[in-house]
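The residues making up each chain are set out below.
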Amino acid sequence: MFNTIGVIGLGVMGSNIALNMASKGEQVAVYNYTRDLTDNLVGTTEGQLIHPYYKIQDFVHSLETPRKIFLMVTAGKPIDSVISALVPFLEAGDVIMDGGNSHYEDTERRYDELKSKGIGYLGIGISGGEVGALKGPSIMPGGDKAVYEKVAPILTKIAAQVDDGPCCVYIGPKGSGHFVKMVHNGIEYADMQLIAEAYTFLRTRLGLSVNEIAVIFETWNQGELNSYLIQITAEILRKKDEITGLPLIDVILDKTGQKGTGKWTSIQAIDTGIPSSIITESLFARYISSLKEERVYADNILSGPEIDQRSLDKDLWIEYVRQALYMGKICAYAQGFTQYKMTSELYGWDLPLKDIALIFRGGCIIRAEFLNVISETYQAQPNLANLLIAPYFAEKVKEYQIGLRKVACEGINSGISFPCLSASLTYYDSYRTGISNANLLQAQRDYFGAHTYERSDLTGFFHTNWQ
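Residues numbered from 1 in each chain as written. Predicted model: local features only at pLDDT ≥ 70, side-chain atom pairs only at ≥ 80, totals over all residues. Heavy atoms only, no water.

Student: In this structure, what is going on with the overall build of the protein? I would like to understand it.
Tutor: Across its full length, the protein carries 19 helices and eleven strands. The C-alpha atoms of the protein give a radius of gyration of 25 Å, which matches the 23 Å a tight globule of 467 residues would have. Dimensions of the protein, computed from the C-alpha atoms along their principal axes, are close to 75 × 70 × 45 Å. Within the protein, buried positions represent 51% of all 467 residues. (Helix = DSSP H or I, 4+ residues; strand = E, 2+ residues; numbered from the N terminus. Rg over C-alpha atoms; globule rule 2.2 N^0.38 Å. Buried < 20%, exposed > 50% of the residue type's maximum accessible area, 1.4 Å probe, protein only.)

Okay, here's the thing in structure tokens:
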């Protein structure tokens, strides 16, 4: 009997994807470049439908045709190396799926190379971490629709399941699946940083304890802020350190890592002229966090404002923080979905924005209650320029901007760094400004570089001899 699918790359994510597939009744062939990870997986799967192979040709020949091979390999050159090893044993009609965090432009290159050989290639965004991989992630497949149809029965089975179906939908051609996952991660960066800033205000300015803030986040998770990230933040704040007995958050070093997808999101936005300032500020916040030693040194030299001794009405300001966080999240998601829309138009991808919002509701890291509203919004207005001007969100930001303004201003006046909350407010105010100061910038460009300018009262381009 032939295996129905193969998985290459048996780290935590790959092993869990294989276990997920086996649990759904698939006969799964597994292979890893080093034998130890294969043995580790097989040693824990007695009686499951997982079959190990130690030579890549044996792995390939064990698969039913057309062969379906799922790669969970480190992005970059390792992917190219595995593909090179596979191709001599594949036939026209076989399918390779890359489930890692590959850059979408690399995916497009591989797609073209393999298509010339008759081999299907799908770039598949996977969100949900190791738990999602095992129990059901959000899946974002991009490539040829006909190739996707060959593997759709398996992908939709292993995806997270919500009330109205699996969190897996065909995204679009070529590298679009990995692009959607990339921007998803950018939104995730922004969402996490906004939550961290809300936590900082509650603790630093309102003087609340970690336990008190945990209760607040648990309460918020029962309302419109309901989301995976809010939920786990409350759980994190409840956790005690086994060594010191302190809240674990207080002994974790304040240095944050990143694996590249947030950076790629910002670079792509900059390259194509898309305003993704909140996502970019969240990336820069991670960069400056890595300068731990410099920050500690600067803390002893550089001064901030005098400590404000005014006591604030805690209940009122907790509500302001909730409003600020929700509005910040709206602005961040608005930027992310604008990046989807503008890039889709640039490449002719026709990204299904309403469906993207729906598949983010289960399994993935940014799953949140208001994704239903985002999906409904794009269902009603497929060509909507920006989520901020949709009726529901326009009403919310009209109501909640007072909270964001108060928290941002109070925080800044207290010397608290708020890169994403302040960027959210700036983005909102910039977007709603019908007449901006860009006329002065363009006049300056024309003055020193003869770049010309357009007029508000006449058509065409003009240049002035300013001197």
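Student: Looking at this structure, how should I read the nonpolar core?
Tutor: What tends to happen in soluble globular proteins is that the nonpolar side chains get buried as a cluster. Counting 84 residues, the largest nonpolar core has L202, F217, F337, Y340, F360 and I374 as the members making the most contacts within it. Here this core takes 15 residues from helix α14 (residues 314–347), the largest share from any one element. Grouped together as the second largest cluster of nonpolar side chains are 30 residues, I5, V7, I17 and V147 included. (Core = buried A, V, L, I, M, F, W, Y, C linked by side-chain atoms within 4.5 Å.)

Student: Could you clarify how one ought to interpret the pattern of salt bridges in this entry?
Tutor: Two side chains that carry opposite charge are able to pair once their charged atoms sit near each other. Under the definition given, this model contains 27 salt bridges. A salt bridge links R35 to D39, with the shortest nitrogen-to-oxygen separation between them at 3.3 Å. Of this pair, R35 and D39 both sit in helix α2 (residues 35–42), four residues apart, which is roughly one turn of the helix. We note a salt bridge from E113 to R109, for which the minimum N-O separation is 3.7 Å. In this pair, E113 and R109 are both assigned in helix α5 (residues 104–115), four residues apart and thus about one turn of the helix distant. When its relative accessible area of 39% is taken as the criterion, E113 is described as partly exposed. The structure contains a network of salt bridges with shared partners spanning D80, D98, D106, R109, R110 and E113. (Salt bridge = Lys/Arg side-chain N within 4 Å of Asp/Glu carboxyl O.)

Student: Help me out: how do you make sense of the packing of aromatic side chains in this one?
Tutor: Centre-to-centre distance and the angle between the planes together describe a pair of aromatic rings. Considering all chains together, one arrives at 24 aromatic pairs under this definition. With a centroid separation of 5.3 Å and 90° between ring planes, the pair formed by F337 and Y340 is classed as edge-to-face. Separated by three residues within a single helix, F337 and Y340 lie in helix α14, roughly one turn from each other. The residues F337 and Y340 share a single accessibility class, namely buried. Following the ring pairs from residue to residue traces out a cluster consisting of Y104, F179, F337, Y340, Y347, W349 and Y378. The ring of Y54 is capped by R35, whose NZ or CZ atom sits 3.8 Å from the centre of that ring. Residue placement shows R455 over the ring face of F462; its charged tip is 5.8 Å from the ring centre. (Phe/Tyr/Trp six-rings, centres within 6.5 Å; stacked < 30°, edge-to-face > 60°. Lys NZ or Arg CZ within 6 Å of the ring centre and 35° of its normal.)

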